[in-house]
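Topology and contacts: notes
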Amino acid sequence: MGGKLFRNFSFFSATLSFFILVGIFAILFHYAQESMHTFGFDFLWTEQWEPGEDDEGGIFGGYIPIVGTLLSTIIAMVIATPLAMGIAIFLTEIASVTVAKPVSIAIELLAAIPSIIYGMWGLFYFAPVVQSIFGGNGVGLLTAGIVLAIMIVPFMAAITRDSMNTTPSVLKESAYAMGATKFEVIKDVIMPYSKGGIIGSIILALGRALGETMAVAFLIGSVMHTVGKVTDPTTSIPVLLANNFAEAEDLEMSSMYFLALILFVVSFIIISSAKFYFLGRKVK
Amino acid sequence: MNRLILNKIILLLSTLSAVIGIGFLFWILATLSYKGITSIHWATFTKDLVDGGIRNLLVGQFTMALMATFVAVPVGMMAGIYLREYGHGSKLASIIRNLSDVMMSAPSIVIGVFVYALLVDPFGSYNGWAGAVALAIMMIPIIISTTDNMLALVPTELREAGMALGGSKHKIILQIVVRAAKVGITTGILLSFARIIGETAPLLFTSANNQFFTMDLGDQFPSLTVSIYNLATYPDEASRELAWAASFILTMIVLTINLLGRFVIRNKK
């Protein structure tokens, strides 16, 4: 009797995540309808974001925030990937246990710091540094990209370290016995062996960078401008939502939902491809 | 000789990456501590935002995070129990497991938009319930995944011993399996709590913010993180100082809970 109830409750809880995901998609899709019908696919490459007279109509296009999201993510990935690989190699192959352990904890703490802290620190301390080196006015695409990189490095490094650690010692030792250098062992034994996990961690970090809101909101400049230079201020989908969603009405609101839907679908595809193709969770 | 030099260079670069990583951690913590500690006064803790303190914000943020925890922990644990103990090996369980992993990485701002459409728009006002629900949605998949992974570590023999004693399935799960995985699950709960207490994006247009002390969840609800975002962008020095103080306190809370979680697991092993 109690057993049946328990089982049903656990089954219901398990299906809840399915319903929430479907619910998110359905709600976003529903509220995005007006914008979808008005603009169709042109939404993706329309640069204007202009409310009409008296809040009636207007032209809304997602081009600027979409490009801003993609570019800041690309900058972050280009910087973060080699750094994270380096840290993972350091932790698994170079450092002794007494060094690797505290460094590991430090990296994980870096991952635990809330993103709003990165944003605020970046605005007051890192943006001036970027400004003095690259010019511009401090906030902009480049600053957002670099701080985003700092945010995703620990996450990427932790997963890469874990998958590198799964390489059997026998394989490494036989390579060393053949006279291979440490780098050759890393390149020809460890990397091929943990390839899936490494690519998976990169893609997961990519998904995280795409959807990151607060750190970027402080740093990207939040203006509806197409970028010409890398230091130019612009905006991204999450930042536009964070700053303007609550005040929007009618068609503008619907266009915001449209952007949220695009972001949700893209990150859904990215994350599930990482899960299914590369990380393929082993069910014990 | 070439390959030996290349080897040296790569190892050097790897070490350098670790130094850079640690360097940023210290840079962030150092500026945060300096700015935070110099900005904290006694009044920071005793006054509400309207009078230049963060008392109501701390209470509000913890209230929403705790309410989210009260929902997410039972739901997430039960779901994890289903995946590992009842549905294990079934197609449905593996689909749900993957969907829950995807949900864990869903952009937090999108969850905010979703909850806005569901719980704010129809009622015409920001409210604390919506904030708590948004945080719970963020937390559930983390709890599911921890529970699932921790139950997987419990040896099958324990379950079999329970069955041999004639225990019913749910009694075995509750009194043997979950108990054996208690430490790991507790750590997971602590870490996920540390994660959601610092969230901003899902709260921006669900709970929004409130300058005054309130426990009325039907009203706009005070949030520490949303306040930091607002205060940091105000031009006056007093607001910025308060933002630094709040950021420092928030980071200390998050890191303490995080270390506590790790400490629990190390002690029991």
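Residues numbered from 1 in each chain as written. Chains lettered and ligands numbered in written order. Predicted model: local features only at pLDDT ≥ 70, side-chain atom pairs only at ≥ 80, totals over all residues. Heavy atoms only, no water.

1. Things to note about the overall build of chain A
Heads up, the rule is: For helices the rule is a DSSP run of H or I covering at least 4 residues; for strands it is a run of E covering at least 2, with both sets numbered from the N terminus onward. Remark: exposure states derive from per-residue accessible area (1.4 Å probe, protein chains only) relative to the maximum for the residue type, with buried under 20%, exposed over 50%, and partly exposed in between. Contacts: residue pairs with any heavy atoms within 4.5 Å of one another.
When its secondary structure is counted, chain A shows 10 helices and 2 strands. In chain A, the succession of α and β elements from N to C terminus is α-β-β-α-α-α-α-α-α-α-α-α. Relative to its 284 residues, chain A shows a buried fraction of 55%. At a minimum sequence separation of 6, the contacts of chain A that also span at least 24 residues come to 71%.

2. Here's the deal with the overall build of chain B
Scanning chain B for helices and strands turns up 11 helices and 0 strands. In chain B, the order of α-helices and β-strands from amino to carboxyl end is α-α-α-α-α-α-α-α-α-α-α. For chain B, the C-alpha atoms occupy an extent of roughly 70 × 70 × 35 Å along the three principal directions. A burial count over chain B gives 57% of its 269 residues as buried.

3. Here's the deal with the packing of aromatic side chains
The following threshold applies: Pairing of aromatic rings covers Phe, Tyr and Trp, the last counted by its six-membered ring, and requires centre-to-centre distances within 6.5 Å; plane angles under 30 degrees mean stacked, over 60 mean edge-to-face, and any other angle means tilted. In this scheme, the term charge over a ring applies when either NZ of a lysine or CZ of an arginine sits within 6 Å of the ring centre and within 35 degrees of the ring normal.
By the definition in use, this model includes 25 aromatic pairs over all chains. Measuring from centroid to centroid gives 6.3 Å for A:F39 and A:F43, while their planes differ by 35°, and the two rings are tilted. Across the pair, exposure class does not vary: A:F39 and A:F43 are buried alike. By the ring-pair criterion, three or more aromatic residues cluster together here, those being A:Y31, A:F245, A:Y257, B:Y116 and B:F205. Over the ring of A:F155 we find A:R208, and its NZ or CZ is 3.9 Å from the ring centre.

4. A word on the nonpolar core
Formally: Residue types Ala, Val, Leu, Ile, Met, Phe, Trp, Tyr and Cys, when buried and joined through side-chain atoms within 4.5 Å, form a set referred to as a nonpolar core.
Residues A:L28, A:I113, A:Y118, A:F245, A:Y257 and B:I109 are the most contacted members of the largest nonpolar core, which totals 183 residues. Those residues within four positions of B:I109 in sequence are excluded, and the remaining contacts are A:G211, A:T213, A:P238, A:L241, A:A242, A:L263, B:A201, B:L204 and B:F205.

5. Overview of the interface of chain A and chain B
Interface size is often expressed as the accessible area that is lost when the parts come together. How we decide: Summed over both partners, the accessible surface that disappears when two parts come together, traced with a 1.4 Å probe, is what is meant by buried area. Just to be clear on terms, a salt bridge is a Lys or Arg side-chain nitrogen sitting within 4 Å of an Asp or Glu carboxyl oxygen.
In this assembly, 81 residues from chain A lie in contact with 83 residues from chain B. Taking both sides of the interface into account, the surface hidden between chain A and chain B amounts to around 7,400 Å²; carbon and sulfur atoms contribute 78%. Taken together, chain A and chain B are joined by 2 salt bridges. Linking B:R3 and A:E184 is a salt bridge whose minimum nitrogen-to-oxygen distance equals 2.7 Å.

6. A closer look at the packing of helix α2 (residues 63-94) of chain A against helix α3 (residues 97-112) of chain A
Each pair of packed helices gets described by two things: the angle between the helix axes and the distance between those axes. Residues and elements named next belong to chain A. What counts here: Comment: axis = line fitted to C-alpha atoms, over the contacting stretch for helices; angle = value between 0 and 180 degrees taken between N-to-C directions. In this scheme, a crossing is called left-handed if the near helix is turned counterclockwise away from the far one by less than a right angle; it is called right-handed if the turn is clockwise. Residues are sorted three ways: Asp, Glu, Lys and Arg are charged, Ala, Val, Leu, Ile, Met, Phe, Trp, Tyr, Cys and Pro are nonpolar, and all the rest, Gly among them, are polar.
Direction vectors running N to C along α2 and α3 enclose 145°, while the axes themselves pass 9 Å from each other. Of the two possible hands of crossing, α2 and α3 adopt the one that is left-handed. Between α2 and α3, the residues in contact are I87, F90 and L91 and V99, A100, V103, S104 and I107, respectively. Residues belonging to the contact of α2 with α3 are distributed by class as follows: 7 nonpolar, 1 polar and no charged.

7. Here's the deal with the domain arrangement of chain B
All names here are of chain B. To keep it simple, the criterion reads: Where each domain begins and ends follows an automated or database-derived domain assignment. Side-chain atoms alone can form a polar contact between residues adjacent in sequence; in general such a contact is a pair of N or O atoms within 3.5 Å, and within protein one must be able to donate a hydrogen while the other accepts it.
Split into domains, chain B comes out as domain 1 (1-39) and domain 2 (42-268). On a C-alpha basis, the centroid separation for the pair domain 1 and domain 2 is 31 Å. Both faces combined, the contact of domain 1 with domain 2 buries some 710 Å², and carbon together with sulfur accounts for 77% of it. By the criterion of area lost to domain 2, the three top residues of domain 1 are L32, K35 and S39, representing 64% of everything that side buries. If you look at where domain 1 meets domain 2, you find 0 salt bridges. The interface formed by domain 1 and domain 2 holds 0 residue pairs in polar contact (both at pLDDT 80 or more) in total. Across the side of domain 1 that touches domain 2, the residue classes tally to 3 nonpolar, 3 polar and 1 charged.

8. A closer look at the pattern of salt bridges
Scanning the model with the defined rule gives 12 salt bridges over all chains in all. Across the salt bridge formed by B:R195 and B:E199, the nearest N and O atoms sit 4.0 Å from each other. Taken together, the salt bridges that share partners define one network made up of A:E108, A:R161, A:D162 and B:R262.

9. Some remarks on a nonpolar patch on the surface
Heads up, the rule is: Like charges within 9 Å and nonpolar side chains (Val, Leu, Ile, Met, Phe, Trp, Tyr) within 5 Å are joined into patches, using only residues over 30% in relative accessible area that form no salt bridge. The Shrake-Rupley method, run with a 1.4 Å probe, gives the accessible areas here. Residue values count only the displayed protein chains as cover.
Among the surface-exposed residues, B:I5, B:I9, B:L13, B:L16, B:V19 and B:I20 lie close enough to one another that they form a single nonpolar patch of about 520 Å² accessible area. Assessed through its relative accessible area of 45%, B:L16 is described here as partly exposed.

10. Here we look at helix α10 (residues 224-233) of chain B
Note on helix geometry: an α-helix contains 3.6 residues per turn, so any two residues three or four positions apart are oriented the same way. Of all 10 residues in α10(B), 8 are buried, a share of seventy percent or more. Among all positions in α10(B), only B:L224, B:T225, B:V226, B:S227, B:I228, B:Y229, B:L231 and B:A232 are buried.

11. Looking at unusual backbone geometry
Phi is positive for A:D250, close to 45°, though the residue is something other than glycine. Counting through the fold element by element, A:D250 comes out in helix α10 (residues 250-279). A:D250 gets classed as partly exposed once you look at its relative accessible area, which sits at 47%. With phi around 55°, B:A208 is a residue other than glycine that occupies positive phi space. Secondary-structure assignment places B:A208 in the loop between α9 (182-197) and α10.

12. Remarks on the packing of α2(A) against helix α1 (residues 2-39) of chain B
We count it as follows: Each angle gets one of four labels, with under 35 degrees taken as roughly parallel, over 145 as roughly antiparallel, 65 to 115 as roughly perpendicular, and the rest as oblique.
Between α2(A) and α1(B), the least distance of the axes is 7 Å, while the angle of their chain directions is 105°. Classified by the interaxial angle, the pair formed by α2(A) and α1(B) is roughly perpendicular. Contacts between α2(A) and α1(B) involve A:P82, A:L83, A:G86, A:I87, A:I89, A:F90 and A:I94 on the former and, on the latter, B:L11, B:S14, B:T15, B:S17, B:A18, B:I20 and B:G21. When the residues that make up the contact of α2(A) with α1(B) are grouped by side-chain class, the tally is 9 nonpolar, 5 polar and no charged.

13. Structural notes on the side chain of B:R159
Residue and element names in this part refer to chain B. Residue placement: R159 occurs in helix α7 (residues 156-164). Relative accessible area serves as the criterion here: at 13%, R159 is assigned to the buried category. The residues contacting R159, other than those within four sequence positions of it, are R84, E85, L151, V154, I172 and V177.

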